[in-house]
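# Architecture at a glance
Residue strings, one per chain:
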Amino acid sequence: MSTTRLTPRGGTIFWGAVLLLIAIVAGMTALLGSWSWTFAVWLLIAFGGLMVLAAVIGAIARAVTPAPAPAPAPSTTPSPEP
């Protein structure tokens, strides 16, 4: 088992956010029956706020999580011969 931490991939997060926004727009259009630009602006503001909140939660979780211990250095003493 590897103890290295995986970092988030920016492209995956970006396209996931884009697809989530498209799904929200489609869902709200279906729900409301029409589309309002004022609603779109508020939707983008709310989504941006959620992204900032998620980033803050991730940063706090990363700061609280202890770093993995370094691998032990190889021994430089010769092994005893039988």
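See the structure above.
Here is what the cut-offs are and how they apply
- Residues numbered from 1 in each chain as written.
- Predicted model: local features only at pLDDT ≥ 70, side-chain atom pairs only at ≥ 80, totals over all residues.
- Heavy atoms only, no water.
- Helix = DSSP H or I, 4+ residues; strand = E, 2+ residues; numbered from the N terminus.
- Buried < 20%, exposed > 50% of the residue type's maximum accessible area, 1.4 Å probe, protein only.
- Areas by Shrake-Rupley, 256 points an atom, 1.4 Å probe, with all protein chains shown as cover.
- Axes fitted to C-alpha atoms, helices over the stretch in contact; angles between N-to-C directions.
- Left-handed = near helix turned anticlockwise from the far one by under 90°.
- Contact = heavy atoms within 4.5 Å.
- Expected span 1.5 Å × (residues − 1).
- Phe/Tyr/Trp six-rings, centres within 6.5 Å; stacked < 30°, edge-to-face > 60°.

### Considering the overall build of the protein chain
When you go through the protein chain residue by residue, the secondary structure sums to 2 helices and 0 strands. Within the protein chain, the fraction of its 82 residues that count as buried is 5%. Total accessible area on the protein chain stands at roughly 7200 Å², and carbon and sulfur atoms take up 75% of it.

### Digging into the packing of helix α1 (residues 10-32) against helix α2 (residues 37-64)
To describe two helices that pack against each other, one gives the angle between their axes and the distance between the axes. Orientation of α1 relative to α2, taken along the N-to-C sense of each, is 145°, at an axis distance of 12 Å. As for the relative orientation of α1 and α2, their crossing is right-handed in sense. Contact with α1, carried on its side by I13, A17, L20, L21, I24, V25 and M28, involves F39, L43, L44, F47 and M51 of α2 and no other residues of that element.

### Comments concerning α2
Taking 1.5 Å of rise per residue, the 28 residues of α2 would be expected to cover 40 Å, and the 41 Å separating its terminal C-alpha atoms lies within 8% of that figure. Considered for burial, the residues of α2 that qualify are A40, L43 and F47. Among the structural elements, α1 are those in contact with the buried residues of α2.

### Points about the packing of aromatic side chains
A full pass over the atoms with the stated rule returns 1 aromatic pair. Centroid distance F14 to W15: 4.9 Å. Interplanar angle 75°. Geometry classified as edge-to-face. By relative accessible area, which is 48% here, F14 ends up partly exposed.

### A word on the environment of L43
Relative to the assigned elements, L43 resides in helix α2. Along the primary structure L43 and L21 are separated by 22 residues, whereas in three dimensions their C-alpha atoms are 8.7 Å apart.

### So, α1
The terminal C-alpha atoms of α1 lie 33 Å apart, and with 23 residues this matches the ideal 33 Å at 1.5 Å per residue to within 8%. One or two positions beyond α1, positive phi appears at G33, with a value near 85°.

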